[in-house]
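Analysis of the macromolecular model
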Amino acid sequence: MNKKYYITTPIYYPSAEFHIGHCYTTIIADAIARYKRLAGYDVFFQTGTDEHGLKIETKAEEANVTPKEYVDKIILNAKDLWASLDISYDYFIRTTDEHHYTRVQKIFKTLYDKGDIYKGEYKGLYCVPCESFWTESQLIDGKCPDCGREVNFVTEEAYFFRLSKYQKKLEELYESEPEFILPVSRKNEMLNNFIKPGLEDLCVSRTSFKWGIPVDFDEKHVIYVWIDALTNYITSLGYPDETPEFKKYWPADLHLVGKEIVRFHTIIWPAILMALDLPLPHQVFGHGWLVIDGGKISKSLGNYKDPREYINTYGVDAVRYFALREVPFGSDGNFSESALITRTNADLCNILGNLVSRTIQMAIKYFGGVIEDKKCYEALDEDLLEATKDLKNKVDKKMDELKINEALDIIFDLLRKCNKYIDDTTPWSIAKDESKLDRLETVLYNLMEAIRVSATLLQAFIPSTANKIFAGLKIENNNFDNIYHKTPKYVLGDEKPANLFERIKEN
Ligand code: ME8
């Protein structure tokens, strides 16, 4: 049986249309999911939407529609966005799905019956836009540490999750699983800023708004945020029912999240799972933010375009490639249209596009598109042949470490080597000597094999471009099993394929 791999994105708030930041996480999750599928894993890739809460209730009121009508429209657009970005999710969970709804109620009741949820009174500081409660010591200059806005003092009857009980177990988890949180710097932040100072019990119900899943044994309360949101990762698989999907895919292999919600995924989520006696996810990766001109891309500031505009203008793979390649994964990075253009021209157009088109053109021109390995090697070939042979191992290693941008850079290193190989071998001058046709054919064959191997790996990152390359080489797509099965003979026909990327004019 194939090994399984379960990867998730956060479930995003459909309080406004999605922006390039949401695309960032989802594209990266998609590339990892595709990579694992190509490697033969049975992958379950989940994304979705987190639809309850006061913010959405308020937005819907402002728009004069019901909360459900409000979110339905945004989700339709979100699904369209994911389709135009070639996002290959296996399951899209909505927290308004009936299954999720009833399963969350059961989970809440189980935790209540076990004494891990109890009724008390909440007195505290609350940030409405972030839907987060804060303690005095967490505030920065008296304001919400996440968004910098005012917080309000509130008192209300509420249910609490006994988070404090799991302090020691969480410390042990961090100790015994050093790679539970990546990058490691975020682990230290969680330990030193949140766990070590002492965990407080967590408010998990509200009575001040209605748009949420009711506590079924105390209907005045709606289940508030994290028990509703975090459990999406298991309710989608059928939990608390013992479904085959749950048995197969849980625990998750990777929760990919932005750095601002690492805390919820590495403290509250494992504690809930411990309370339910369930195994914990293997890893939570907290990536950095895409920023615009150094500032946060924000739904509330509205400083962004619909990502579909970029896709329509520059193509899906320009956007995907930028998200995957531009920023060292884990760090913050700037997003701008001019950086997107520069990156597309430099890598996709100049390095990849040119190489593929030059190689295919030469194969057509000199051999009518029919190329075999004539094994007429020279010392000059060594570097390219070795790099081609090593490529998958090197990329695998980077993918295992979730160094996605470096994985791509290694593939592009090989493509750069191919371009240099053309410059060094100068096929057009070999072509002048009739006696050297075997050598010329070998050079072209080496290039085509390097392109094929690269395209096999690129399928995970820029799938539509990889498909065009396979189509241009007139071969079937490879997966990782047959990546090193050499193509016995390329038969391209005599039609020059369209360029993969057109150069974009820089302003
Ligand atoms: O937090 N750069 O939803 P959300 C990079 N519903 N990634 C970004 C980003 C940016 N500028 N902006 C958003 C929620 N993201 C909760 C999650 S999970 C059980 C519940 C991505 O709509 C990033 O993944 O605010 C971030 O963590 C997520 O969107 C926040 O989405």
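Notes on the structure follow. Because the structure is predicted, anything quoted here is derived from the model rather than measured.

What to know about the overall build of the protein
The helix and strand inventory of the protein stands at 18 helices and 18 strands. Relative to a compact globule of 507 residues, whose C-alpha radius of gyration would be 23 Å, the protein shows 26 Å and is just as compact. Principal-axis analysis of the C-alpha atoms gives the protein an extent of 90 × 50 × 40 Å. A buried classification covers 58% of the 507 residues belonging to the protein. The contacts in the protein between residues at least 6 apart in sequence include a share of 78% that link residues at least 24 apart. When the accessible area of the protein is evaluated, it comes to approximately 21600 Å², of which 49% is carbon and sulfur surface. With 64 positive and 78 negative side-chain charges, the protein shows a spacing of 2 Å between the two charge centroids.

Considering unusual backbone geometry
With an omega dihedral of -15°, the bond running from Leu182 to Pro183 counts as a cis peptide bond. Relative to the assigned elements, Pro183 resides in the loop between β7 (181–182) and α6 (184–195). Pro251 follows Trp250 through a cis peptide bond whose omega is 5°. The residue Pro251 is located in the loop between α9 (244–249) and β12 (254–258) in this model. With a phi close to 60°, Asp277 is a non-glycine residue in the positive phi region. Examined against the element boundaries, Asp277 turns out to sit in the loop between α10 (262–275) and β13 (284–287).

Side note on the pairing of strand β6 (residues 152–161)
Inspection of the sheet shows strand β4 (residues 117–127) paired to β6 by 10 bridges, in the antiparallel sense. Directly across from Ile117, in β6, lies its bridge partner Phe161. Judged from the 2 bridges that link them, β6 and strand β8 (residues 202–203) form a sheet pairing that is antiparallel. When the sheet's bridge partners are listed, Phe160 is paired in β8 with Cys203.

A few points about the sheet that holds strand β16 (residues 333–334)
Taken together, the 3 strands give an open sheet; going across it, the order is β15-β14-β16, and neighbouring strands pair in mixed fashion. Each having just a single partner strand, β15 (295–296) and β16 make up the two edges of the open sheet. Summarising the sheet, strand β14 (residues 290–292) and β16 pair through 2 bridges and their orientation is parallel. Along β16, the bridge assignment pairs Val291 with Asn334.

A short note on the pattern of salt bridges
One pass over the structure, following the stated rule, counts 41 salt bridges. Taking the shortest distance from any N to any O, the salt bridge between Asp72 and Arg94 comes out at 2.6 Å. Placement of Asp72 in helix α3 (residues 67–84) and of Arg94 in strand β3 (residues 91–94) is noted, with a sequence separation of 22 residues between them. According to the relative accessible area criterion, Asp72 is partly exposed, its value standing at 27%. A salt bridge links Lys398 to Glu406, with the nearest nitrogen and oxygen atoms 2.7 Å apart. For Lys398, a relative accessible area of 18% puts it in the buried group. Linked through salt bridges whose partners overlap, the residues forming this network are Glu51, Lys68, Asp72 and Arg94.

Points about the site of the ligand
Taken together, 25 residues surround the ligand, and among them Ile11, Thr25, Asp50, Glu260 and Leu290 come closest. In the environment of the ligand, an oxygen atom lies 2.6 Å from a nitrogen or oxygen atom belonging to the side chain of Thr25. The separation between a nitrogen atom of the ligand and a polar main-chain atom of Leu290 is 2.8 Å. Starting from 670 Å² of accessible surface for the ligand in isolation, the protein chains cover 94%. Counting only elements with at least two residues in the shell around the ligand, the list comes to β1 (4–12), α1 (20–38), α7 (226–229) and α8 (232–235). Broken down by element, the residue count for the shell around the ligand peaks at 4 residues, all from α1. Split into classes, the residues belonging to the shell around the ligand amount to 13 nonpolar, 9 polar and 3 charged.

Remarks on the packing of aromatic side chains
Within the structure shown, the criterion is met by 32 aromatic pairs. Ring plane angle 40° and centroid distance 6.1 Å describe the contact between Phe108 and Phe217, whose orientation is recorded as tilted. Taken together, the residues span a long stretch of sequence, with Phe108 in helix α4 (residues 98–113) and Phe217 in the loop between β10 (213–214) and β11 (222–223) at a distance of 109 residues. Ring-pair connections join several aromatic residues into one group, and the members of that group are Tyr6, Phe44, Tyr91, Tyr233, Tyr239, Phe246, Tyr249, Trp250 and Trp269. For Arg206, the ring lying beneath its charged end belongs to Tyr224, and the centroid distance is 5.6 Å.

Parameters and conventions
- For every chain, the first residue of its written sequence is number 1, and the numbers climb from 1 along that sequence.
- Owing to the predicted nature of the model, reporting of local features is limited to residues with pLDDT of at least 70; listing and counting of side-chain atom pairs is limited to 80 or more, with chain, interface and lining totals taken over all residues.
- Derived side-chain values reflect all non-hydrogen atoms in the structure, with water molecules and hydrogen atoms excluded from consideration.
- Secondary structure elements follow DSSP: runs of H or I no shorter than four residues count as helices, runs of E no shorter than two count as strands, and numbering proceeds from the N terminus.
- Only the C-alpha atoms count toward the radius of gyration. The rule for a globule is 2.2 Å times the residue count to the power 0.38.
- Think of it in three bands: residues with accessible area under 20% of the maximum for their type are buried, residues over 50% are exposed, and the middle band is partly exposed, with areas taken using a 1.4 Å probe on protein chains only.
- Contacts were defined at the residue level, with two residues in contact if any of their heavy atoms lie within 4.5 Å.
- Only the protein chains shown count as covering a residue, and every accessible area follows the Shrake-Rupley method with a 1.4 Å probe.
- Under the convention used here, Asp and Glu are negative, Lys and Arg are positive, and both His and the chain ends fall outside the count.
- The atom standing in for a charge is NZ when the residue is Lys, CZ when it is Arg, CG when it is Asp and CD when it is Glu.
- At least two bridges found by DSSP between two strands are what make those strands a pair.
- Salt bridges are counted wherever a side-chain nitrogen of Lys or Arg sits within 4 Å of a carboxyl oxygen of Asp or Glu.
- If even one non-hydrogen atom of a residue comes within 4 Å of a molecule or strand, that residue is called near it.
- Polar contacts, as used here, are pairs of N or O atoms within 3.5 Å; protein pairs need one atom able to donate a hydrogen and one able to accept it. Residues neighboring in sequence count only if both atoms are side-chain atoms.
- Ten residues, namely Ala, Val, Leu, Ile, Met, Phe, Trp, Tyr, Cys and Pro, are considered nonpolar, four, namely Asp, Glu, Lys and Arg, are considered charged, and the remaining ones, Gly among them, are considered polar.
- The aromatic pairing rule takes the rings of Phe, Tyr and Trp, using the six-membered ring of Trp, and pairs them if the centres are within 6.5 Å, calling planes under 30 degrees apart stacked, those over 60 edge-to-face and the rest tilted.
- Definition used: whenever NZ (Lys) or CZ (Arg) falls within 6 Å of the ring centre and also within 35 degrees of the ring normal, the charge is taken to sit over that ring.

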